[in-house]
Amino acid sequence: MDRTELVMSPPVVMAPRPDGFEVVWAVSARARGWVEWRTADESPGRAHVADCGPYGFVPQGSQVLRIRLDDLAPGREYLIRTVTVAVTDEHQEVSDWKSVRTLDPSATSATFVAWNDTHQRDDTLRALDEASPGADVWVWNGDVCNNWNDPDEIVPTILNPAGRDLTAGRPMMFGWGNHDVRGPWAHRVPDVVASPNGLPYHGFRIGPIAAIVLSTGEDKPDDHPSFAGRVSFAELRRRQAVWLAEQITRPGFVDAPYRVVFCHMPLRWSDERVLTDLDYRTGKWDQYSRVSRELWHDALVTWGTQLVVSGHTHRCALIEAEPDAPYVQLTGGGHTPDIATWIEGRADHQQLQVSAHRLDGTIAHQIEFEPLA
Ligand SMILES: [Fe+2]
């Protein structure tokens, strides 16, 4: 009799940092495991073992195993593989070796890729995976799901989407969308998602690009009856305002040549006047997060934010900077292959070029930024 497969996903590489990253993988039964890692010039027989969680436990669980790797060198390629052992009978499964590159804040060039609003569409995910190149960082910029009404959807949706290894050649930063925080099981998503600082908002530096990831929360007020008292995003947005004001003063951020923000809901929209004072009781929802902008705008302007990359509207759009809104707003497309986009950023010391690509190979929008420092 064939035994059920124990390991249900590739080693998913999340939350890359200059000194490490986190590896998260799915299992079908109670298991423990570890990650073996080595540099490209070390032989497999000399692999190191990462097996110590923050409380001294070896990674273990019945759905997800995860381990954070620390003390690695910036901008270096490592090979990793997971080893997983069934608790019941010691059956062991070992993954293939997978290449991972740590972030390099001092590199002369950098690349990012951003997707949004994939909403569990396997056809879209497959096409985006085939079309998108590798990158220093891949931002999965929200709405990976269609509300978490079934707790069993969380692990496959995030760790094995469309049965692909989406973090091969592009380690993932998870950006939270309004659907990712929605539903009775959304509070369990942090069990599966890693972040560099353990929070849904954080910053990272890749070469000349400083990036800040923010969580715009839901698209209706916290007391909306459909949320059933489960969310407190007004407070989360306020905390991010406090954090952001400090983060933009940090070395590597205050002096970065290029300054980019990723957040699922746009902070600007083209027809804002008709989108204010919505009656949320009648099914209306925010197309852009004015409540976030009111809290974050001053810090974003002080920092010199050049670009905000978002999704949410399922409509690829570029809104130029204006005197009272001096950051460009780029919004990616939607959930079906005909309207999906992948956004690419490529920076060197001369320019940051950002383009939004449709899946038919055409470019929806492209814009260049000059270095600020
Ligand atoms: Fe969406």
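Residues numbered from 1 in each chain as written. Predicted model: local features only at pLDDT ≥ 70, side-chain atom pairs only at ≥ 80, totals over all residues.

Details of the overall build of the chain
For step 1, the next point in the chain: Each helix and strand counted, the chain has four helices and 21 strands in total.
For step 2, the next point in the chain: Oriented by its inertia axes, the alpha-carbon framework of the chain measures out at about 65 × 50 × 40 Å.
For step 3, the next point in the chain: The 373 residues of the chain split such that 47% are buried.
For step 4, the next point in the chain: Nonlocal contacts in the chain, meaning residues at least 24 apart in sequence, comprise 70% of its contacts between residues at least 6 apart. (Helix = DSSP H or I, 4+ residues; strand = E, 2+ residues; numbered from the N terminus. Buried ≥ 20, exposed ≤ 12 C-beta atoms within 10 Å, placed from the backbone. Contact = placed C-beta atoms within 7 Å.)

A closer look at the nonpolar core
For step 1, the next point in the chain: Of all hydrophobic cores here, the largest spans 98 residues; its most connected members are M14, V23 and I209.
For step 2, the next point in the chain: In terms of residue count, the dominant contributor to this core is strand β14 (residues 209-214) (six residues).
For step 3, the next point in the chain: Counting only domains with at least three residues in this core, you end up with domain 1 (12-101) and domain 2 (110-369).
For step 4, the next point in the chain: Once you skip the residues sitting within four places of it in the chain, M14 turns out to touch F21, E22, V24, P171, M172, F174, V193 and A194. (Core = buried A, V, L, I, M, F, W, Y, C linked by C-beta atoms within 7 Å. Domains from an automatic or database assignment.)

Quick look at helix α3 (residues 233-247)
For step 1, the next point in the chain: Given a rise of 1.5 Å per residue, 15 residues ought to cover 21 Å, and the 20 Å separating the end C-alpha atoms of α3 matches this to within 8%.
For step 2, the next point in the chain: Taken as a whole, α3 has its buried residues at F233, L236, R237, Q240 and L244. Viewed end-on, α3 has its buried residues packed into an arc of 95 degrees, placing them on one side of the element. Those residues of α3 that are exposed and aimed more than 90 degrees away from the buried face are E235, R238, V242 and E246. (Expected span 1.5 Å × (residues − 1). Arc of directions from axis to C-beta.)

Describing the domain arrangement of the chain
For step 1, the next point in the chain: Under the domain assignment, the chain is made up of domain 1 (12-101) and domain 2 (110-369).
For step 2, the next point in the chain: Placing a centre on the C-alpha atoms of domain 1 and another on those of domain 2 gives a separation of 27 Å.
For step 3, the next point in the chain: With 16 residues of domain 1 at the interface, the matching set in domain 2 holds 17 residues.
For step 4, the next point in the chain: Secondary structure elements with two or more residues in the side of domain 1 that touches domain 2: β1 (12-17), β2 (20-26), β6 (64-69) and β9 (98-101).
For step 5, the next point in the chain: Here the element with the most residues in the side of domain 1 that touches domain 2 is β1; it accounts for six residues.
For step 6, the next point in the chain: Each residue belonging to the side of domain 1 that touches domain 2 can be placed in one class, and the counts come to eleven nonpolar, one polar and four charged. (Nonpolar A, V, L, I, M, F, W, Y, C, P; charged D, E, K, R; others polar.)

Quick word on helix α4 (residues 290-303)
For step 1, the next point in the chain: In a regular helix each residue adds 1.5 Å, so 14 residues correspond to 20 Å; α4 covers 19 Å between its end C-alpha atoms and thus fits that length.
For step 2, the next point in the chain: The largest bend in α4 amounts to roughly 55 degrees and is located at W296.
For step 3, the next point in the chain: S292, R293, W296, A299, L300 and W303 are the residues of α4 that are buried.
For step 4, the next point in the chain: In the core, the buried residues of α4 are packed alongside β14, α3 and β15 (258-263).
For step 5, the next point in the chain: With its phi angle positive at about 90 degrees, G304 sits one or two positions after the end of α4. (Bend = angle between axes of the 7 residues up to and from the residue.)

Some details on the packing of α3 against α4
For step 1, the next point in the chain: Where α3 meets α4, the closest approach of the two axes is 9 Å, and the angle between their N-to-C directions is 10 degrees. With respect to α4, the axis of α3 lies roughly parallel. Along the contact surface, α3 presents R237, R238, Q240, A241, L244 and A245, while α4 presents V291, S292, L295, W296 and A299. (Axes fitted to C-alpha atoms, helices over the stretch in contact; angles between N-to-C directions. Parallel < 35°, antiparallel > 145°, perpendicular 65-115°, else oblique.)

What about the sheet that holds strand β13 (residues 202-206)?
For step 1, the next point in the chain: Spatially, six strands are ordered β13-β14-β15-β16-β18-β17 in an open sheet, and the strand pairing comes out mixed. Each edge of the open sheet carries a strand with a single partner, namely β13 and β17 (317-319). Within the sheet, the average angular offset between the axes of one strand and its neighbour, ignoring direction, is 20 degrees.
For step 2, the next point in the chain: One ladder, built from three bridges, connects β17 with strand β18 (residues 328-331); its direction is antiparallel. Bridging from a neighbouring strand, L318 pairs with L330 of β18. (Pairing = 2+ DSSP bridges.)

Concerning unusual backbone geometry
For step 1, the next point in the chain: Within the chain, E90 stands out as a residue other than glycine whose phi angle is a positive 65 degrees.
For step 2, the next point in the chain: Inspection of the secondary structure assignment puts E90 in the loop between β7 (77-86) and β8 (92-94).
For step 3, the next point in the chain: Despite not being glycine, H312 has its phi angle at roughly 80 degrees, a positive value.
For step 4, the next point in the chain: Following the sequence through the fold, H312 ends up in the loop between β16 (307-310) and β17.

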